[in-house]
Structures are given as C-alpha cells and as structure tokens.
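Here is what each chain is made of, one letter per residue.
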Amino acid sequence: NTFFLNDKVALITGAASGIGLATAKTFLAANVRGLLLVDLSQERLDRTLLELSSDERQRCQCFVADVSSEAENYAQRALELWGKLDIAVLNAGIVHAPTSILDTDAKIWDKIMQVNGRGVFLGLKQCGKVMTERKSGSIVITASQLGLQGSPSLAAYGASKFAARGLALTAAEEFAPFGVRVNSVCPGPTITPIIDALKEDDGWSRMADQCLMKRLGDAREIANAILYLSSDASSFCCGTSLKVDGGYAKF
Ligand code: NAD
C-alpha cells in the first residue's frame, strides 16, 4: 500500500494545532517511523503530545521554532535524529482580521508575508538542501484556495498563499532533477482555531454556503490529501496544486 509511510521520516511545521496536528495523527496511523513536530512554543507541543498514545509519542520528537527565523534548522534536526528526511510538510501559517486593502496596515502585510511567505521559502531552502543531497524526498506546502483566486478582505493572506503556491511550483522545477517532488494543497475553509474569529456575524455559515458541499471542511480531510501528496501514492505528482475545498473555488 503506497499510502503507508513505513520506514519514512517526516516533519510538519505548525504541528501543534488544526491541519498540522491532524496531519501528524494521520502520518502516525500510516506508520511513519519518525516524526518531527515543529511549532512556536514548547507548551503547545507538550499539549499535542498528550493527545497521542504512548506508541505514537515514542515516534515523535518536538522542535520549538519560528519558521520565519533563519536560525531555526528543523531539517537538520531531523537528520541528526534519524539520519534522513523523507517528507516535509510546510504548513505553519497565520491569518489577519478581514479588512479591505484600503484599511489594511502595511505592518499586517509584513507580518503575514514574514510567516506565510518567508517561512515557506526558508523551509524549502533547508529541507530542499538535505533532500536534494540524498536525491529523494517529498515536500508538501499548505497553500489555500485563496492562493488560486482573489480574496476580498483578506488581501495580504491571499497574496501570501499565491506566494506559497508559487514557491511550490518553482521548487518543483528546481528539485525534480534531484528526485525531490514538491506539491501544494489548497484547502477551503476548514474548522480549526485559525477561523475561530470568523465564526461571529454568521461568517462560518456564509463560507459554508459558498461551498458546493454546503459545509466547512474537517482538518482530517485536508490531512488525507497531505498524506497522498507526501507518500509514494502520488509518485507522479510534481508541481501539483491539489484543491480540497468542498467546491469553494469554482474551477
Ligand atoms: P491553526 O492556527 O490551527 O494552526 C497553525 C499552527 O501554526 C499553530 O499551531 C501555530 O502555532 C503554528 N504557527 C503559526 N506561526 C508559526 C511560526 N511563525 N512558526 C512556527 N509555527 C507557527 O491553523 P490551521 O487552519 O491548522 O492552519 C494550517 C495551515 O493551513 C496554514 O498555513 C493556513 O493558512 C492553512 N489554511 C487553513 C485553512 C482553514 O480554513 N483552516 C484554509 C486554507 C489554508
């Protein structure tokens, strides 16, 4: 079964919540050998470990890092721990409160680009280095369906997700000659803490209404797509942007 991750070593950024956490659980169920959970605080990571069984916990290691800082080399850490890195899920991301371009402060733009753009760029640099050296690997970037179409009132976020998806396309071309595949997943609105603030004023039901499936996504549904793109099941996918959005983007 090519969906299984037997013997593979993986890392996930933004692993302490939402889609990253669901992906960690999905990878563990798919029998991943070693898993590096990367997130901002030790406390959040400790809480994450409590959700796992002892067998699952034994296969996990934590790494506290801000993905936008060049000082943090989690790919190198995976190499030190397990001697290789097969899969990297560059998933950490943040959103801003909805405002029009006219009302968006440039500081918000900078902060969003710092994490969602620079963070992915640095992740590609460090994971790409260890994987191209070994001539094997699979990288999955969490973009968004807002990286495929306009995003009224979420301009900075949408632009950062176009950047993330664009980086995936470029890295796919640069790394393919070295046996490393790069793909992105484009989730639609998915129930995780990141969209908590949008719950007010009927935000959730308005987003659900825009989906052909008339509901929001579950983080496990995105994790399944990430497992597909990470594993050998997707061995002919390279530079793919996989839309998993219940039919939110109509193309
Ligand atoms: P979440 O807030 O539940 O999880 C994000 C995680 O990333 C958190 O644990 C947070 O601590 C971590 N993180 C944030 N900044 C970081 C940094 N600088 N360094 C390291 N870790 C950092 O949100 P989520 O919904 O699980 O989001 C995961 C990804 O999915 C994000 O890139 C998000 O943009 C994307 N996405 C989410 C949705 C959605 O509706 N939930 C839709 C499309 C795309």
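Everything here concerns the structure above.
Worth saying up front: this structure is predicted, and the values here are computed from it rather than measured.

Trainee: How do you make sense of the layout of surface pockets when you look at a structure like this?
Mentor: Rolled over the atoms, a probe as big as a water molecule pinpoints where empty space is left. Counted as a void, the second largest pocket has a volume near 160 Å³. Residue lining of the second largest pocket: Ser 69, Glu 70, Glu 72, Asn 73, Gln 76, Leu 122, Lys 125, Gln 126, Lys 129 and Val 130, and that is the complete set. Residue contributions to the lining of the second largest pocket peak at five residues, all from helix α5 (residues 106-134). Looking at side-chain class alone, the lining of the second largest pocket contains two nonpolar, four polar and four charged residues.

Trainee: Any chance you could explain the pattern of salt bridges here in plain terms?
Mentor: Oppositely charged side chains are able to pair whenever their charged atoms sit close together. Inspection of every chain in the model, using the stated rule, returns 12 salt bridges. Across the salt bridge formed by Arg 59 and Asp 55, the nearest N and O atoms sit 3.1 Å from each other. Classification of Arg 59 as buried rests on a relative accessible area of 15%. For Asp 55, a relative accessible area of 44% translates into the label partly exposed. Between Lys 243 and Asp 245 there is a salt bridge, with the nearest N and O atoms lying 3.1 Å from each other. Here Lys 243 falls in the partly exposed class, since its relative accessible area comes to 28%.

How each quantity is defined
- Residues numbered from 1 in each chain as written.
- Predicted model: local features only at pLDDT ≥ 70, side-chain atom pairs only at ≥ 80, totals over all residues.
- Heavy atoms only, no water.
- 1 Å grid on protein atoms, 1.4 Å probe; cavity = no way out; pocket = protein on both sides within 12 Å on 5 of 7 lines; lining within 4 Å.
- Points joined across faces, edges and corners; volume = space filled by probe spheres on them.
- Helix = DSSP H or I, 4+ residues; strand = E, 2+ residues; numbered from the N terminus.
- Nonpolar A, V, L, I, M, F, W, Y, C, P; charged D, E, K, R; others polar.
- Salt bridge = Lys/Arg side-chain N within 4 Å of Asp/Glu carboxyl O.
- Buried < 20%, exposed > 50% of the residue type's maximum accessible area, 1.4 Å probe, protein only.

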